Amino acid sequence: MAGGLAREVIRSMRSAFPFDSRPGRHDLINLRDNENPFGGPHRHYPDNRNGDLVAAYARALDAVEIAPAPGGPEWHWGADSILITRGAADGLDLIFRTFFEPGSDAVAVTPPSFAIFDELAAVYRIARHPVPLLGENLDRLDVGRLAALPVKGVILCDPGNPTGTCLAPEDVLLLLDSFRGLVVIDEAYVECSGRPSYRHLIPDRPNLVVVRSMSKALGMAALRLGAVLAHPELLLALRKARLPFALPGPVTAQAMTELSQLAMLRGQIEAFAGERDRFAAELAGCPRVGRVFAEAGFVTIEGDPDLAAELRRAGFDTMPEPMGWPGHVRISVGRPSANSRLIAALKAAPRAAQAPKTTPETGPETGPGTAPETAPETAPETAQTPGTTRTAGTAHSPGVTRETGTGASTGAGAGAGVEPATGAKTRAAWALRTARTAQAPQTAWSPRSQGKGRQT
Ligand SMILES: Cc1ncc(COP(=O)(O)O)c(C=O)c1O
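The structure displayed is predicted, hence computed values, not measured ones. (Residues numbered from 1 in each chain as written. Predicted model: local features only at pLDDT ≥ 70, side-chain atom pairs only at ≥ 80, totals over all residues.)

*Asks:* Describe the pairing of strand β2 (residues 106–109), listing the residues and the values that go with them.
*Replies:* Because side chains alternate across β2, one face comprises the buried residues Ala106 and Ala108, and the other comprises Val107 and Val109, equally buried. With 4 bridges connecting them, β2 and strand β3 (residues 127–130) associate as parallel partners. Each residue of the ladder has a partner; that of Val107, found in β3, is Arg128. Between β2 and its parallel partner β3, the chain crosses via helix α4 (residues 115–123), and the hand of that crossover is right-handed. Relative to strand β4 (residues 153–157), β2 is paired through 3 bridges, and the arrangement is parallel. The partner of Val107 across the bridge, within β4, is Gly153. (Buried ≥ 20, exposed ≤ 12 C-beta atoms within 10 Å, placed from the backbone. Helix = DSSP H or I, 4+ residues; strand = E, 2+ residues; numbered from the N terminus. Pairing = 2+ DSSP bridges. Right-handed = clockwise from strand over helix to strand, strands pointing away.)

*Asks:* Outline the site of the ligand, listing residues and values.
*Replies:* Around the ligand, 13 residues are found, and the nearest of them are Gly87, Ala88, Ala89, Ser213 and Ser215. At 3 residues, the largest contribution of residues to the shell around the ligand is made by helix α3 (residues 87–99). Its residues placed into classes, the shell around the ligand shows 6 nonpolar, 6 polar and 1 charged. (Near = placed C-beta within 6 Å. Nonpolar A, V, L, I, M, F, W, Y, C, P; charged D, E, K, R; others polar.)

*Asks:* Describe the packing of helix α2 (residues 51–64) against helix α9 (residues 262–284), with residues and values.
*Replies:* Between α2 and α9, whose axes approach to 10 Å, the crossing angle comes to 50 degrees. What the angle tells us is that α2 and α9 run oblique. In this structure, α2 meets α9 at a crossing whose hand is right-handed. For the pair α2 and α9, the contacting residues are Ala60, Ala63 and Val64 in the first and Leu262, Leu265, Arg266 and Ile269 in the second. (Axes fitted to C-alpha atoms, helices over the stretch in contact; angles between N-to-C directions. Parallel < 35°, antiparallel > 145°, perpendicular 65-115°, else oblique. Left-handed = near helix turned anticlockwise from the far one by under 90°. Contact = placed C-beta atoms within 7 Å.)

*Asks:* Lay out the nonpolar core with the relevant residues and their values.
*Replies:* The tendency in soluble globular proteins is for nonpolar side chains to be buried as a group. Tyr57, Val209, Val228 and Val299 are the most contacted members of the largest nonpolar core, which has 112 residues in total. In this structure Val299 touches Gly164, Arg276, Phe279, Ala280, Leu283, Val292, Ala294, Ile331 and Val333, once residues within four positions along its chain are discounted. (Core = buried A, V, L, I, M, F, W, Y, C linked by C-beta atoms within 7 Å.)

*Asks:* Quick one: what's the story with α3, residue by residue and with numbers?
*Replies:* Taking 1.5 Å per residue, 13 residues should reach 18 Å; α3 reaches 19 Å between its end C-alpha atoms and fits that length. Within α3, 12 of the 13 residues are buried, which leaves the element mostly enclosed by the surrounding structure. Taken as a whole, α3 has its buried residues at Gly87, Ala88, Ala89, Asp90, Gly91, Leu92, Asp93, Leu94, Ile95, Phe96, Thr98 and Phe99. (Expected span 1.5 Å × (residues − 1).)

*Asks:* Residues and numbers for the sheet that holds strand β15 (residues 421–422), please.
*Replies:* Sheet strands associate in pairs through backbone hydrogen bonding, adopting either a parallel or an antiparallel arrangement. Strands sit in the order β10-β11-β9-β8-β15 across an open sheet of 5 strands; the sheet is mixed. Strands with a single pairing partner mark the edges of an open sheet, and in this sheet they are β10 (319–320) and β15. By the bridge criterion, 2 bridges tie β10 to strand β11 (residues 328–332) in an arrangement that is antiparallel. Bridge pairing links Pro320 to Val329 in β11. Contacting β8 (289–294), β9 (298–303) and β15, α9 runs over the sheet at an angle of about 165 degrees to β8.

*Asks:* Before we move on, could you go through the pairing of β8 and cite the residues and values that matter?
*Replies:* Within β8, 6 of the 6 residues are buried, which leaves it mostly tucked inside the rest of the structure. Bridge count for β8 against β9 is 3 bridges, and the pairing is antiparallel. Note that in β9 the partner of Val289 across the bridge is Gly303. Hairpin geometry of β8 and β9 is characterised by an intervening segment of 3 residues between the two adjacent antiparallel strands.

*Asks:* Give me the environment of Val54: which residues, what numbers.
*Replies:* Tracing the chain through its elements places Val54 in helix α2. The exposure class assigned to Val54 is partly exposed, which follows from the 19 C-beta atoms found within 10 Å.

*Asks:* Any chance you could break down the sheet that holds strand β7 (residues 226–230) for me, citing the residues and the numbers?
*Replies:* With mixed pairing, 7 strands are arranged side by side in an open sheet as β1-β7-β6-β5-β4-β2-β3. Either end of the sheet is taken by a strand with one partner, and the two such strands are β1 (82–85) and β3. Strand-to-strand twist of the sheet, defined as the mean angle between neighbouring strand axes without regard to direction, takes the value 20 degrees. Here helix α7 (residues 232–241) sits on the sheet and contacts β1, β6 (208–213) and β7; the angle it forms with β7, its principal contact strand, is near 140 degrees.

Laid out in structure tokens, this is it:
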């Protein structure tokens with residue numbers, strides 16, 4: 001059973017704190033929580049179960065997400081399948097604490113990926129097996145390798161940070177079919193990706209855990225909220241492992257207000273994704289910019305190493321070599337005026353070196369990235385090898401079929417006239433529901449050197 005995936009210490013634990021902060025019976029006076037009855041308006045501990053916030057969040061998700069294909073199982077999203085956390089980062093930390101036994105369990109990661117996965121593995125002394133992403137657009141998984149690893153779980157980032165692309169759904173589904181351990185999908189950017197969430201698979205996949213953030217498309221970063229969605233057995237284990245009264249009452253109240261404004265949320269996500277797509281298209285037309293990836297809540301471009309430095313001189317702070325991925329710059333989507341100024345700065349900049357064409361080297365990967373590592377030595381790695389000859393075709397997914405690789409690259413300098421991969425393209429491609437045959441992915445990226453410190 002899925003609950004068996006939790007660490008022994010969690011399984012055998014009886015929660016020290018009841019899930020509801022107030023006694024269940026309203027006719028009882030709470031003399032249990034040692035609060036100061038003479039305190040101010042915040043003297044009471046907040047609700048520990050966050051039932052109202054969970055309900056508001058579930059409603060908001062249904063309102064802003066791309067709907068899954070019809071015909072899925074009936075499922076009620078409530079406090080037994082959604083745990084609200086202090087940001088997605090807190091959710092990831094909780095997942096490590098709940099499921100991975102320090103010093104003995106191992107986790108697979110798919111670089112280039114979100115650096116916090118590596119940091120948490122290091123902190124909790126979890127051996128880390130990097131299995132690099134494959135394919136020209138780094139949107140393919142080496143499912144065979146992942147499924148064969150002696151690991152407790154696999155952590156994916158989809159849409160990928162820093163890759164800016166969505167994984168081929170057929171790879172994700174194949175992994176879920178062939179791997180019995182925990183499959184964690186960090187979907188921090190899914191609301192603006194143009195694909196449905198994998199959360200809809202949870203009823204049938206009790207080993208799937210989906211991590212979400214309210215900091216990105218929902219525009220609530222200052223509140224520090226996110227969520228872990230999972231089958232009730234897994235969620236119970238997470239609940240036992242978390243510290244009590246985790247969410248401040250005023251934060252919950254503010255979030256409830258914002259989450260109830262569904263039209264406003266939809267509008268701001270549309271504006272965000274629309275501006276991202278405009279920005280990506282403009283970037284694709286700039287000199288020195290290579291391929292452009294924009295299926296998440298940011299834009300990643302191929303560009304020579306000096307590009308970020310030049311942008312900095314022009315007044316823009318961007319993320320060069322995001323998560324140690326050389327030859328790329330990750331750029332957040334700013335307000336339209338800022339984005340336009342950045343484009344103008346790029347167009348005015350001297351045409352130094354051309355953007356690196358990612359003409360990939362192919363061949364089996366033999367670098368250090370293939371060997372399992374133990375966490376203490378594994379600071380996030382950087383470095384790239386190359387390569388690829390991906391002939392990606394398609395993909396099936398939560399009941400939906402997606403066409404992958406649709407123009408996901410622009411060719412160096414966008415002079416090539418190919419559009420960048422954007423959320424709009426993903427949306428259109430998913431909607432096409434065109435079944436094609438998926439090709440075997442080829443190796444694309446392999447980490448070699450050490451990372452450069454924390455990146456988000
Ligand atoms: C992929 C990914 N996951 C999780 C997070 C953390 O999000 P939060 O602000 O919800 O903690 C980030 C933040 O940048 C992210 O990029």
